[in-house]
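Chain by chain, the residues run as shown.
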Amino acid sequence: MNVRYLGVHLLATGVSLCRMIDPATAQAIPHIEKCTLTEKWSVQDGRFGVSNVCGEPVAVQFMDLSDKKAITAEIKPGERYNLKLSKKPDNWMFTTCPVGYVSNIAFRAAESKKLQPGDYACVKK
C-alpha cells in the first residue's frame, strides 16, 4: 500500500493520524528557560514570581519541593507572574516551554534531578 493510498484510506475510515502518535515519542523542541532565567525569579511587592523577558508567551510549571504541589501558568511577553509565596523557597524547580507544550519529563518531585539543570525538552500537550 503506498503512502498516498494509506492517507486516503485513513481519512475515509475516520482514523486520525494525530491520535496514533504517542506523546512520549512526539517531536520535541528545546525549552525556553532563557525567557524566565533563574535570576529573573524574585520577590517583588512581597510576592515571589517571575517575569517573561521574551517576545512570546510561555507556559511555566513551578514546584516548591517542600509541598510538592505543581503550579502551571501562562505568562504573556513582558508580564510578571506572582506565586502565593512571600519568599523564595529553599528547594524548587521550574520548566519553561512555549504555550501548548510541556516538559518531556514528567513534572513531579521525583524527577527534580533531571529537571533542575534544564535537561528537558518540550513536547505538545
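Everything that follows concerns the structure shown earlier in this document.
## Quick look at the side chain of Thr 36
Take Thr 36: it is sitting in the loop between strand E1 (29-30) and strand E2 (42-44). Apart from residues lying up to four places away in sequence, Thr 36 is in contact with Trp 41, Val 50, Ser 51, Asn 52, Val 58, Val 60, Phe 94 and Thr 96.

## Brief notes about the state of the cysteines
On inspection of all chains with the given rule, the structure shows two disulfides. Across the disulfide, Cys 35 is cross-linked to Cys 54 (sulfur-sulfur distance 2.0 Å). Disulfide Cys 35 to Cys 54: torsion about the S-S bond roughly -95 degrees, handedness left-handed. Taken together, the residues span a long stretch of sequence, with Cys 35 in the loop between E1 and E2 and Cys 54 in the loop between strand E3 (47-51) and strand E4 (58-64) at a distance of 19 residues. For Cys 54, a relative accessible area of 17% puts it in the buried group. Two residues, Cys 97 and Cys 122, share a disulfide whose sulfurs are 2.1 Å apart. On the sign convention where negative is left-handed, the bridge of Cys 97 and Cys 122, at about -80 degrees about the S-S bond, is left-handed. One end of the pair, Cys 97, is in strand E7 (residues 92-98); the other, Cys 122, is in strand E9 (residues 121-124), and 25 residues separate them in sequence. By relative accessible area, Cys 97 is classed as buried at 1%. A residue is classified by how much of its surface remains accessible, and Cys 122, at 0% relative accessible area, is buried.

## Some details on the sheet that holds E7
If you walk across this open sheet you meet the three strands as E5-E4-E7, and the pairing is antiparallel. The sheet is open, and its two borders are formed by strand E5 (69-75) and E7, each paired with just one other strand. The average undirected angle you get between the axes of adjacent strands in this sheet is 20 degrees. Note that E4 and E5 share seven bridges and pair antiparallel. Paired with Gln 61 across the bridge in E5 is Thr 72.

Rules used in this analysis
- Residues numbered from 1 in each chain as written.
- Predicted model: local features only at pLDDT ≥ 70, side-chain atom pairs only at ≥ 80, totals over all residues.
- Heavy atoms only, no water.
- Helix = DSSP H or I, 4+ residues; strand = E, 2+ residues; numbered from the N terminus.
- Contact = heavy atoms within 4.5 Å.
- Disulfide = S-S within 2.5 Å.
- Buried < 20%, exposed > 50% of the residue type's maximum accessible area, 1.4 Å probe, protein only.
- Pairing = 2+ DSSP bridges.
- Axes fitted to C-alpha atoms, helices over the stretch in contact; angles between N-to-C directions.

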